[in-house]
Protein chains: 2
Amino acid sequence: MPQKVRIALDAMGGDHGPSVVVAGAGISLDRHPDTEFVMMGDRPALEALLAGRPALRAASRIVHTDVAVKMDEKPSQALRHGRWKSSMWMAIDAVKHGDADVVVSAGNTGALMAMAKFHLKTMAGIERPAIAVLWPTLRGESVVLDVGASIGADARHLVDLAVMGGAMARVLFDLERPTIGLLNIGVEEVKGLEEVREAGRILRDAARRDLDYVGFVEGDDIGKGTVDVVVTEGFAGNIALKTAEGTAKQLGEYLRNAMRRTLFARIGYLFARNAFAAVKDKMDPRKANGGVFLGLNGVVIKSHGGTDPEGFAAAVDLGYDMVRYELRARISQMLGTAHADMTAKPAVESMSS
Amino acid sequence: MPQKVRIALDAMGGDHGPSVVVAGAGISLDRHPDTEFVMMGDRPALEALLAGRPALRAASRIVHTDVAVKMDEKPSQALRHGRWKSSMWMAIDAVKHGDADVVVSAGNTGALMAMAKFHLKTMAGIERPAIAVLWPTLRGESVVLDVGASIGADARHLVDLAVMGGAMARVLFDLERPTIGLLNIGVEEVKGLEEVREAGRILRDAARRDLDYVGFVEGDDIGKGTVDVVVTEGFAGNIALKTAEGTAKQLGEYLRNAMRRTLFARIGYLFARNAFAAVKDKMDPRKANGGVFLGLNGVVIKSHGGTDPEGFAAAVDLGYDMVRYELRARISQMLGTAHADMTAKPAVESMSS
């Protein structure tokens, strides 16, 4: 039997703290009984929540701390006050020291990224970490990155993003050769950023066996699922993600209002209730909960701060999958090839001149 | 009686050419009988299409050309081959020489922008034009710009975008003091681009009587309608626009599939048919058709290339409104104030240090 997947939970993170974290862990444990948890947080609160859940209790170890990073704390503040002793830090520390395989936190994104970078450091050859999400599409799901870890990207960073996202797609979607697209804009007279074009040239020339670079994609290709991995720098990626969330909410709202407006519509709604539920389910943001921090010496999953137990369980599931399918080793190995390619081909550099 | 609104139509532009342009002009004329058209294009084709439309025929003048810019032509090619003689150029030229008040074209965006910049030139004090769209929101509509005229923006250009978008919102939404937001990302550890922060400081310090700058907004604020005007540089703006379009299509597709899947759903659909139609109508991309080129010495409206007569009519309506409510004069006047503000306050420059 393979080794258990050991998940460190920042039990004090998120808008609702331990109640959502413990309930979410319980849901995920039902799906993956070969999980062990180490929960960082307030022992009395956690013991009370675990009391009614014997299976989860048996799979969990508690490490006490009463220090929690606040949701509105600045990353620098959080680092100053929360280092060594906050639940968030201790969860990261468990991964750092090999006591856990992955961290899951619903806490303050900025603080989590700052602590993870500070403590785990970036992988060899990677300058800046990235945040990747699973984006529901008409074809299934795609990996989209970076959705906000850093602003701007040179060609080399975009290639790294492609490789890391590609590794994630290979692992999660079980694909030999995931398709990769670089997000760009299609307006003719602006031919896109030079960095994006250069990254395209590098990816095309590399002709990798493990990635299928298909070219530029535009914003509407994300929802279509045109490629398995959509690569962009963090500013545009974050705006794309939030804009899509906003649009989905907006249409949901239109639909709800329309279905309430007339008697016929209300009757129609009753008949089609299951169909509506199916659509709602497909659009359920809890299902795709969890940003993955890539490029660090350790896997960190960020759950939405305001999520409920189902949503937190989705983030824990994602962490489980990343460990079970050895994401980090896969990235390392694929990055090795990518950087070797880049070094071996000085011609690539001169192509932009 | 006020002067008529004189609209120059690139009758050969778009995927369907004259048939959609003429039919769209007819629809718009019904709504605004005080319109005059000058149609640039193939005379026999246009005469044939106008034959059955006496009201439109009476309101239209044809200027013959058999040269049309192709939809896939590069802007530089289009400028080389289409200058002086293409329907697109001639429509722009009519505005340049005061023979028309606004151009509407469903042609190649890149070529249209290149020709418009080349021939009309940017307004005094404006370095780069922008493309603005009307974005349907939960509160009504917002102006979003730039959606792809240029990539990147310094603080000064962002302030210009705010002023131009503000003028457009004042004119189209009849607001004294439209609210303005700068699109930014909310992830804590990356505090946004320095240019965006500096533009925010300039707008806040200016405390204009004609614009209400409310601060940063995120991608999901666009659909919520948090502000009347959303300002961003063209790369992120284009990606936001296309991503929203993609998400809307995706959800429409989910819904269509769900409503076909079971007998109950199909019955429900029949009852709620009108409600669905209302939502479809709200989401109808044809209703918000038309990008407005801002910052040029002349108003240019770009319709979607693949639109139908209703969509083209919406673009013509937009052009009509822009002229009727004197958008260009309003922008000029508001820009004058903005640039005076910036010159008068050298303190602003030093704040970033």
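It should be emphasised that the depicted structure is a prediction, and the values quoted were computed from it without experimental measurement.

Asker: Whenever I open this one, the overall build of chain A confuses me. Can you help?
Answerer: Across its full length, chain A carries 15 helices and 11 strands. For 353 residues, the compact-globule formula gives about 20 Å, and the C-alpha radius of gyration of chain A, at 21 Å, lands near that figure. With respect to the principal axes defined by its C-alpha atoms, chain A has extents near 65 × 60 × 45 Å. Here chain A holds 353 residues, and the buried ones make up 59% of them. Considering only contacts within chain A whose residues lie at least 6 apart along the sequence, 72% involve residues at least 24 apart. Just so you have it, chain A exposes about 14300 Å², and 52% of that area is on carbon and sulfur atoms.

Asker: Can you help me understand the side chain of T65 of chain A in this one?
Answerer: Residue and element names in this part refer to chain A. Mapped onto the elements, T65 comes out in the loop between β3 (60-64) and α4 (75-82). Overall, T65 belongs to the buried group, its relative accessible area being 5%. A polar contact of 2.5 Å, which involves the side chain of T65, links it to the backbone oxygen of K85. Residues in contact with T65, not counting those within four places in the same chain, are M40, G41, D42, K85, S86, S87 and M90.

Asker: Looking at this structure, how should I read the interface of chain B and chain A?
Answerer: Each partner contributes to the interface: chain B provides 59 residues, whereas chain A provides 59 residues. Carbon and sulfur atoms make up 77% of the surface buried where chain B meets chain A, a total of about 5400 Å² over both sides. Three residues stand out in chain B for area buried against chain A, namely F235, Y254 and F271 of chain B, and they jointly supply 12% of the buried area on that side. Taken together, the connections running from chain B to chain A amount to two salt bridges. Salt-bridge contacts for E218 of chain A lead to K242 of chain B; the nearest nitrogen and oxygen are separated by 2.3 Å. Breaking the side of chain B that touches chain A down by element, the ones donating at least two residues are α6 (109-120), β5 (130-137), α9 (219-224), α10 (234-261), α11 (263-271) and α12 (273-283) of chain B. Ranked by the residues each element gives to the side of chain B that touches chain A, the list is headed by α10 of chain B, at 19 residues. Within the side of chain B that touches chain A, the residues separate by chemical class into 33 nonpolar, 19 polar and seven charged.

Asker: Honestly, the relation of the copies chain B and chain A in this entry has me stumped. Any pointers?
Answerer: Note on the chain copies: they are related by a rotation about an axis and a translation along it. Placing chain B over chain A gives an RMSD of 0.0 Å and needs a rotation angle of 180°, together with 0.0 Å of translation along the axis. Such values leave the two copies arranged in the relation of a two-fold axis. Closest to the rotation axis within chain B is the C-alpha of G268 of chain B, separated from it by 1.9 Å. Interface overlap between copies is the fraction of interface residues in one copy that are interface residues in the other; for chain B against chain A it reaches 100%, indicating a shared surface.

Asker: Just to check I follow, could you spell out the side chain of D228 of chain B for this structure?
Answerer: Turning to its location among the elements, D228 of chain B is positioned in the loop between α9 and β9 (229-231). Not counting the four nearest positions on each side in its chain, D228 of chain B is found in contact with R139, S142, V143, F173, L175, P178 and T179 of chain B.

Asker: Sorry if this is basic, but what is going on with the sheet that holds strand β6 (residues 140-145) of chain A here?
Answerer: Neighbouring strands of a sheet are bound in pairs by backbone hydrogen bonds; such pairs are parallel or else antiparallel. Residue and element names in this part refer to chain A. Strand order in the open sheet made by the 11 strands is β3-β2-β1-β4-β11-β10-β5-β6-β9-β7-β8, with mixed pairing throughout. Only two strands of the sheet have a single partner each, and these edge strands are β3 and β8 (212-217). Within the sheet, the average angular offset between the axes of one strand and its neighbour, ignoring direction, is 25°. Inspection of the sheet shows strand β1 (residues 5-10) paired to strand β2 (residues 35-41) by six bridges, in the parallel sense. By the bridge assignment for β2, V5 is matched with T35.

Asker: I'm lost on the nonpolar core in this one. Help?
Answerer: L9, M39 and M168 of chain B are the most contacted members of the largest nonpolar core, which has 111 residues in total. The greatest single-element share of this core, amounting to 13 residues, is contributed by helix α7 (residues 155-173) of chain B. Excluding residues within four positions of it along the chain, M39 of chain B makes contact with L9, A11, V22, A25, L46, L50, L56, S60, R61, I62 and V63 of chain B. Counting residues in hydrophobic clusters, the runner-up holds 109 residues, among them A91, V103, A155 and L183 of chain A.

Cut-offs used in this document
Residues numbered from 1 in each chain as written. Chains lettered and ligands numbered in written order. Predicted model: local features only at pLDDT ≥ 70, side-chain atom pairs only at ≥ 80, totals over all residues. Heavy atoms only, no water. Helix = DSSP H or I, 4+ residues; strand = E, 2+ residues; numbered from the N terminus. Rg over C-alpha atoms; globule rule 2.2 N^0.38 Å. Buried < 20%, exposed > 50% of the residue type's maximum accessible area, 1.4 Å probe, protein only. Contact = heavy atoms within 4.5 Å. Areas by Shrake-Rupley, 256 points an atom, 1.4 Å probe, with all protein chains shown as cover. Polar contact = N/O pair within 3.5 Å; in protein donor to acceptor, adjacent residues only side chain to side chain. Buried area = accessible area lost by both parts, 1.4 Å probe. Salt bridge = Lys/Arg side-chain N within 4 Å of Asp/Glu carboxyl O. Nonpolar A, V, L, I, M, F, W, Y, C, P; charged D, E, K, R; others polar. Least-squares fit on C-alpha atoms with pLDDT ≥ 70 in both. Pairing = 2+ DSSP bridges. Axes fitted to C-alpha atoms, helices over the stretch in contact; angles between N-to-C directions. Core = buried A, V, L, I, M, F, W, Y, C linked by side-chain atoms within 4.5 Å.

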